[in-house]
Amino acid sequence: MEISFKKRDMISITDFGREEIIYLCQQAKKMHGLEKNKQRDGLSDELKNKAMAYMFYEPSTRTKTSFITAMRQLGGSSDGFSGIESTSVMKKETIRDTVMMMEANHFDVIVMRHPLGGSLQWAADVASIPVINGGDGENEHPTQSLLDVFTLYLLNNENLDGISIGFGGDLSHGRTIRSLSLALSNFKDITIRWAAEDFLGMPEDLVELLASKGVTVMREKRVEDVISKAQFYYMTRPQLERMGDITQEDVMKMIGKYRIDLEKIKKSEVKLMHPLPVNSEISEISYEVYFDDSQAFFPQAENGIFLRKALLYEMLKETESIPFSGKLNPLLERGHNRLKRTIKEKVKEERRFIDNIAEGTVVDHLEPGTEQEIAAGLDLTKRGCSSIPAHLPKAGKSFLKTDLPGLSERELKRITLISPEATINHIKKGKIVDKFVYLLCRNMNCVTRVINEDVPPKFYDDKGTVRCRYCRKSYSIRSDKISSNEREEFLGSLPKGIEQITSGS
Amino acid sequence: MEISFKKRDMISITDFGREEIIYLCQQAKKMHGLEKNKQRDGLSDELKNKAMAYMFYEPSTRTKTSFITAMRQLGGSSDGFSGIESTSVMKKETIRDTVMMMEANHFDVIVMRHPLGGSLQWAADVASIPVINGGDGENEHPTQSLLDVFTLYLLNNENLDGISIGFGGDLSHGRTIRSLSLALSNFKDITIRWAAEDFLGMPEDLVELLASKGVTVMREKRVEDVISKAQFYYMTRPQLERMGDITQEDVMKMIGKYRIDLEKIKKSEVKLMHPLPVNSEISEISYEVYFDDSQAFFPQAENGIFLRKALLYEMLKETESIPFSGKLNPLLERGHNRLKRTIKEKVKEERRFIDNIAEGTVVDHLEPGTEQEIAAGLDLTKRGCSSIPAHLPKAGKSFLKTDLPGLSERELKRITLISPEATINHIKKGKIVDKFVYLLCRNMNCVTRVINEDVPPKFYDDKGTVRCRYCRKSYSIRSDKISSNEREEFLGSLPKGIEQITSGS
Amino acid sequence: MEISFKKRDMISITDFGREEIIYLCQQAKKMHGLEKNKQRDGLSDELKNKAMAYMFYEPSTRTKTSFITAMRQLGGSSDGFSGIESTSVMKKETIRDTVMMMEANHFDVIVMRHPLGGSLQWAADVASIPVINGGDGENEHPTQSLLDVFTLYLLNNENLDGISIGFGGDLSHGRTIRSLSLALSNFKDITIRWAAEDFLGMPEDLVELLASKGVTVMREKRVEDVISKAQFYYMTRPQLERMGDITQEDVMKMIGKYRIDLEKIKKSEVKLMHPLPVNSEISEISYEVYFDDSQAFFPQAENGIFLRKALLYEMLKETESIPFSGKLNPLLERGHNRLKRTIKEKVKEERRFIDNIAEGTVVDHLEPGTEQEIAAGLDLTKRGCSSIPAHLPKAGKSFLKTDLPGLSERELKRITLISPEATINHIKKGKIVDKFVYLLCRNMNCVTRVINEDVPPKFYDDKGTVRCRYCRKSYSIRSDKISSNEREEFLGSLPKGIEQITSGS
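Small disclaimer: the values here were computed from a predicted structure and weren't measured.

Enquirer: Got a sec to walk through the nonpolar core? Specific residues and values, please.
Expert: Counting 403 residues, the largest nonpolar core has Ile110(A), Ala123(A), Ile110(B), Ala123(B), Ile110(C) and Ala123(C) as its most contacted members. Sequence-distant contacts of Ile110(A), defined by excluding residues within four places in its chain, comprise Ala53(A), Met55(A), Val99(A), Met102(A), Ala123(A), Ala127(A), Ile129(A), Val131(A) and Ile132(A).

Enquirer: An account of the interface of chain A and chain C is needed here, citing residue identities and associated values.
Expert: Every contact between the two is made by 29 residues of chain A and, on the other side, 32 residues of chain C. Looking at the side of chain A that touches chain C, the elements that each hand over two or more residues are helix H2 (62-73) and helix H11 (297-316) of chain A. Here the side of chain A that touches chain C takes six residues from H2(A), the largest share from any one element. Its residues assigned to classes, the side of chain A that touches chain C comprises 12 nonpolar, nine polar and eight charged.

Enquirer: Give me the lowdown on the pairing of strand S6 (residues 191-194) of chain A, citing residues and values where you can.
Expert: Residue and element names in this part refer to chain A. By the bridge criterion, four bridges tie strand S5 (residues 164-168) to S6 in an arrangement that is parallel. Each bridged residue has a counterpart across the sheet, and for Ser164 the counterpart in S6 is Thr191. A crossover links S5 with its parallel partner S6, the connecting element being helix H6 (residues 176-184), and its sense is right-handed. Relative to strand S7 (residues 216-219), S6 is paired through four bridges, and the arrangement is parallel. From the neighbouring strand, Ile192 faces S7, where its bridge partner is Val217. Tracing the backbone out of S6, into helix H7 (residues 204-212) and back to the parallel element S7 gives a crossover that is right-handed.

Enquirer: Please provide a residue-by-residue account of the sheet that holds strand S12 (residues 387-392) of chain A, values included.
Expert: Residue and element names in this part refer to chain A. Pairing in this open sheet of six strands is antiparallel, and the strands run S10-S15-S14-S11-S13-S12 from one edge to the other. Since the sheet does not close on itself, it has two edges, and those belong to strand S10 (338-340) and S12, each with one partner. Ignoring which end each strand starts from, the neighbouring axes of this sheet average 25 degrees apart. Sheet topology note: the strand S14 (residues 423-428)/strand S15 (residues 431-438) ladder contains six bridges and is antiparallel. In the sheet register, His426 faces S15, and the bridge partner there is Asp434. Strands strand S11 (360-364), S12 and strand S13 (397-402) of the sheet are contacted by helix H13 (residues 371-378), whose axis makes an angle of about 165 degrees with S12.

Enquirer: Could you give me a rundown of helix H6 (residues 176-184) of chain C, with the residues and numbers involved?
Expert: Residues and elements named next belong to chain C. Judged by how many residues are buried, H6 sits mostly within the fold: nine of nine residues are covered. Turning to H6, its buried residues number three or more, namely Thr176, Ile177, Arg178, Ser179, Leu180, Ser181, Leu182, Ala183 and Leu184. Where the residues of H6 are buried, they touch helix H1 (18-36), helix H5 (142-155), strand S5 (164-168), strand S6 (191-194), helix H7 (204-212) and strand S8 (232-235).

Enquirer: Could you give an account of the domain arrangement of chain A, with specific residues and numbers?
Expert: All names here are of chain A. Split into domains, chain A comes out as domain 1 (13-142 + 304-327), domain 2 (143-297) and domain 3 (331-502). Contact residues are listed per partner, giving 23 residues for domain 1 and 19 residues for domain 2. Counting residues per element, the ones that place at least two in the side of domain 1 that touches domain 2 are helix H1 (18-36), strand S4 (131-136) and H11. Broken down by element, the residue count for the side of domain 1 that touches domain 2 peaks at seven residues, all from H1. The class makeup of the residues in the side of domain 1 that touches domain 2 is 11 nonpolar, six polar and six charged.

Each value, and the rule that gives it
Residues numbered from 1 in each chain as written. Chains lettered and ligands numbered in written order. Predicted model: local features only at pLDDT ≥ 70, side-chain atom pairs only at ≥ 80, totals over all residues. Core = buried A, V, L, I, M, F, W, Y, C linked by C-beta atoms within 7 Å. Buried ≥ 20, exposed ≤ 12 C-beta atoms within 10 Å, placed from the backbone. Contact = placed C-beta atoms within 7 Å. Helix = DSSP H or I, 4+ residues; strand = E, 2+ residues; numbered from the N terminus. Nonpolar A, V, L, I, M, F, W, Y, C, P; charged D, E, K, R; others polar. Pairing = 2+ DSSP bridges. Right-handed = clockwise from strand over helix to strand, strands pointing away. Axes fitted to C-alpha atoms, helices over the stretch in contact; angles between N-to-C directions. Domains from an automatic or database assignment.

And the structure:
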C-alpha cells in the first residue's frame, strides 16, 4: 500500500497505523534536517497560494502558532478565529454552518479546536477540504501525539519499537496520555510505567485497551522507580479545567511527591518530555530541572513545527484547490442509529391505548415519570395534537401516546436525552408500522448530544464493538431489552470499522 | 458616464445607482468565472504591496474573513483589530484619531464596522484612503446588499429587472432588508412580498420609500403565500441583540409559523437566501431545508468573496498609494447645522434680562425645567461667569443668561441634547448680534450625538428633504418655531444632494 | 566604534548612547525619504522569510500595528498574541516558557509588552533572538522614545542639540516622559520646561537624574509660560489605569487649566506632540487644536513606522536566522544577589539554639512577628522538619531555626518578600558555614518579585549605584546592618555597568 496523506483528514490518532506514523516521522525528519542544515526556508514556495483556516473555539497559542509557522515556512497563509467572543458563535451558528462559511472562503485546509468530543469528525464530514483536529474536548489531539512520537523517534535513533517510557502528572483528565499511548501501541515491545495518586492515574479502560494491543503497562509506587527503569519520562500538567470541584491546592497536595525535581532525576539518563505549558504554580517540573541535560521538552516543542510542516506539506503539496460546492453532502442528513424493534403483540392494557388512534406515535419504554416532561418538550398542546402521557406503576411502564404523525430528528434526540431507552412506535391505520430505538451516544460531552448542532448520531462496527462515529466512544446495547436477532440486524446494518471513517472527507 | 470605483468610498448602498450596481455584478461575475474555471489565483499579484486595514469595533468573523480572503487572493495583505477589548478604544480614543492612526500605518483601504450609525461616513470623511462600510449599527452594510444583489443577478440569468422576491424573518431590526430593498429599487418591476408578525414586519417608512421608487411591496398572510408567488425567498435572523427587552423565547413564539421548513418549501421552485448566520436555537430555517434544492445561501456566502474581491480590485487596481498627509481636512471642523434665526424685538420681560449684559450669551426656547441642568453642564460658576437660569411659567418660557462670550461645539451639542429647540443668542454691546439653533440629528444612535467624538453635525438637501450627512436619516424642522424665510435660507445654505457625499474622500 | 544593531536587543533607552540614537534617526530618515519619494515598498523584499513574533500581554493596537506595518513593508511576516485571554498565560505558563515556545516557532525577532517592570530584560535574557521592548509596565517603551526623538530630529533640521521642549499632561505615571527625557539627556543644551499639578508633575528623582546629566529642567506656573519659551510641547494622556483610587473626574479637575486649547497655543510657533491616544473625555488636547498648524502628533505617529522599520531593518538585514537551541542558558539559573555576611561569634542566647542542631538553617534578622508566617510558608511540619520560630522581644530579635538542610530559590524569595532583611545561616556540624542576605529588588512591580516566574534577582554596578538588572531601579543596601567590607565585597562581585546588559542575547 502506498502511503499518502493527500487531502485526508487527521481526526484521531487511531485512524493511522504503524507504517503511516513511521512515514510521517520520516517526513518530519526531513523538515528537521532542513532546519538543522540552515535551510529553514527551503520549501518556502511549496504551498504558495494555499491557505489554512484556523477555527479555535477554545484558547490556544501553542497549537495555533505552530500550525501558522509551519504554513508560513511552506509559503502558505493563514486566517481564522481564536476564542469565540468575537465570532458568530455568539449568534448561535452551528459548527456545520461555520465550517461551510470557512470553506466558502476558499481555504485549503482547516485546523480546528472545539470543546465537544467528536466535533472534529463532524467538521471533517461537513467539509470537502481536509480537516485537522487541534483538540476536541477531552477526546483527542492527534498532532500532539504525533509530535511526541516523532520526538521519541529522534531520541531513539529513528526507531519506535522497544521503547520504555514513564508517564507522570495527570494521566486521567487530559487527552495527551491516551492519544500518545494509543499511538505507541502500533509498535513492538512498548513498556509504560507510571506512578500517581489514584485520582490522577491511568484510566482502567485505557490500560485494558493497551494490554489488548500488546503494550505492557505497569504501575510503580514511586516516580523514582519509574525513572530508574524508563528511557523517557513524559510529564503532564494537571488539567484543572476538567476536574470539576477539585481546587489547585488539592492538586498540589496530590502531586506532591510525584513532582519532577533534580533529586529524582539526577542519577538517571532519562529524557524528560512534557507537552507544555508547565503550570508554574503547581510546578510539576521544578525550576532546576530546566537546566538539566534530561530536559527534552523544548526540543519537543520545536519538533511540533517539523511534524506539522510535514503533515501540511503531505496533505497539500501538488494538489489542486478543491472548489466549494455550496451544498451539503446528503449523507450528513441521516444517522446510523435506528435500532429496529420487532413488532409483536402487546399486552392488552397497552394495546387499548394504541388502538384508540388511527395515525400517530407511541413512545414507550420511558423512564418512569419522564412522560410528562417529554410531552411538554414536544409542545403537543400548542400544536393542536392530542396526547396521553401515561404512567402505569403496577406494570412498571410509562409511555406517551399522541396523534402527531411523526417526530423530527431534534424531537427524537430530545426524547432520548431524557429517556435513553425510549422506543418509538409509528401507528398507521391502527397498527404499528415502524418501531425503533433512537440510539444516542452515551458520552455526555459528545457533539451528537447537543440538539442545536443537528449532528445525526452515527455508529459503526469496530470489530464487534459499536462505536460512535464522532467521539469514538464504544456503545453497549443492553441485551435484556432487545433480542439477539435485533442486535445482529443492527450490527449488520452498520458500516464496518475504521476504513469508513478515514476514507471520509 | 464612465463607471469607476477607484479610490471611492463604499458607505451607503444609496450612493450607487443602477449602472454602478450592474457594473459591480459584472466584475464579480468575472471573479466567479475565475474560480469556476480553476483560476482562483489568477489575480494573485494584482494588489501586491497593497494593504487593507480592518477596524471591527463589533464582533465579526464572516465579513472580516471574506474581506481578508478577497485581499489575499488579489495578493494584498490585511491587518487591524476585531473587538475593542484589546485596543485604544478602551483608552477613549475617538474614531477620528483611530482612523488617522490606521492611515499613518500606510494602509490603502479601510474596512470598518462600528455600532454607531453614521460612523462610517465620518471615518470616510476623515480618511484620505477609501473606506468600506462593514456595518454601522442598524444603519447599513452595503457589501452585504451587493452580494445579495449579485446572487440574484447570477440566479436570474444576469438580469436584475422584474425580480419577485419574498422577505421573511426579522424585517424590522436588521440593516439587511432595508439595504437590499433599496438596492433593488434601482431596477424595474421589482415585487417584494412578505409575511411576519407586526413586531418583525417591514417598517412603514421603508415601505413608503420603496413605493415612491416604484417598488411593489405586498404583505401576505402566510409564508406559503409568499413562497408560491416569489422566485426568491430571503430569510433573515431575528436580531435579538437590537430588540431591547424581548427574549429569545418571545421571538421563537413570534416566528413560529413563519419558520422555513420542508413542508412550506417543497412544492415551490423558490430559491432560498439568507445572509447567515442562522440562529440554530431559533432555527428560522429548519435542518431538512439545508439539504433541499432550494438552498442558495451557501453559494450566496461564496458570492461574498467574488463581490468583495471585485470591489477591492476595482478600488485599488493600478492605483498609486495615497501618502499620509498628517493633517485633518479643515472641512471636518465645522458643520452645516446652524439654522440662523431672524433677530427681532423681543417681549419686554425677556429683553430686561438681555439688556443687563453687555457681552454674553442667552440660550432661550429651552424645554421648561432644563435651564438648571444646562447651566450646571456649562460649569459656569467654576469658570467665574455669572449665570441666570430663568423659568417663567406664565410666559411658558425657560432661558439661561450668562456673560460667557461664546460656546464651544461640545457645549452647543450638550445644550441641544438636553433641549433640542434651544436658540443661542450672542450679545455684544447689549445687542443680539447672532441668533441660531444648533441642529442635531434626531437619530439616537447617530455618531454626531456622541459628544466626545467631536463629529460636527452636517445636513444636506436631498431633493427638498433635509438629511443627516452621517446616518442619512431625514430631519424635519418644526415650522411653527421658525419662519418659512428662515427655513428657505437654511435649505439654500445646505450642500445639494448626494453628490456631495459620494465625491467625498 | 562602528554602530550596529544587528541581533541586538532593544530593552531600555538608557542602553543606547548619543551616536547610536543619531544613527537610528538617520536610518529612519531614509525610510521617511522612501515614503515621501513614493517608494513605500522600495525595501519590500529585504526581510523576506523573516518573521516577527508579537507577544502583547497588555492591550495594544498602536504599537502592534506599527511594528507589523514596518515588518510588512520590509517583506517580513508577523504572528503572535495580543491580550492574554486566549493564551497559555491563563494556564500559568511562565514568561520564560512562553518566550521559549515562540522561539521554537522560528521567529527572528520578538516584540513584547508586559505589565511587569523588567519582564522585557528577562525575555531578552531567555531568548537567543533579539527582543524589542514594546512596554514593560511603568518602566520603559524605548521605541516610543526613539520615534519621539526622531520627530524632534526631523522638525529641528536633523539636529538634536540645543532643543527646548515643554512637557505637559501626566508627567508622573507614564513611561513616556521618563524615557524621552533620558533619551534627550544624551544631547547638548537640552531645556525642559513643565507646568502641572504636583500629583501629575515631574518626579523628583527624574529631575535630579536629568540635572546630573546636564539637562536644564524648569517648572513654570502656567502652560502659557512653557509654550512661549519652548520650540516643542509634548503633551501626554493622564494614565488613569496607573493611578489607583483617583477617578477620571478628579483628573479632569487637576488637568483643568493645563489643557491645550487654541487660546493657549495661538500666539506661539510651538509644535505640539503627543504619543497618542488622546483621551477624548479628558480632552487634554481640545478639538480645535487638531486643525491648527501646531499639530505635529499625526506626523509623529507616522514617524513611528519609519523608526520601527529602520530598527527592524538594522536588526535583521543580511543576517542568518538563529537556530533554536532547545536549551536554557545556564546563566539564567542563578542571580547576583547573595550578600555574604561575615560569620562571627553570636550572643549566647542565640548560639544556644544554633548549637542544638548539627545540620540545618537559621534565618535571623527577621522583622519581629514574621517568624510564624515564614515557618508556615516553608511548610516545615508536613516535610517532617523540626522548626523553632522564636521571637525575643527584649533582644528585639526574631528568627527561625530548622533542621532543613537548605532553601530553594523560591523559598529564599518567599522569605525575603516577607522579611527583606532576613539573613540565612547554613549550619553544618554545629557551625555556621555560610551566611548571606538574599537581596530582592525593592520595586514592587519588578518581575523578579513574582515567585512563579523564577527570575533570579541580578544586580550590577552602575558607577557605584547598585541596580536591578531587570527593572533598572537602584537598590540601596542599608549600611548600618552590614560592614563596609561586606558591602565592598558585594560590589566587587557584581558585573560592571551597562555593557554587561547590552552585550546580552
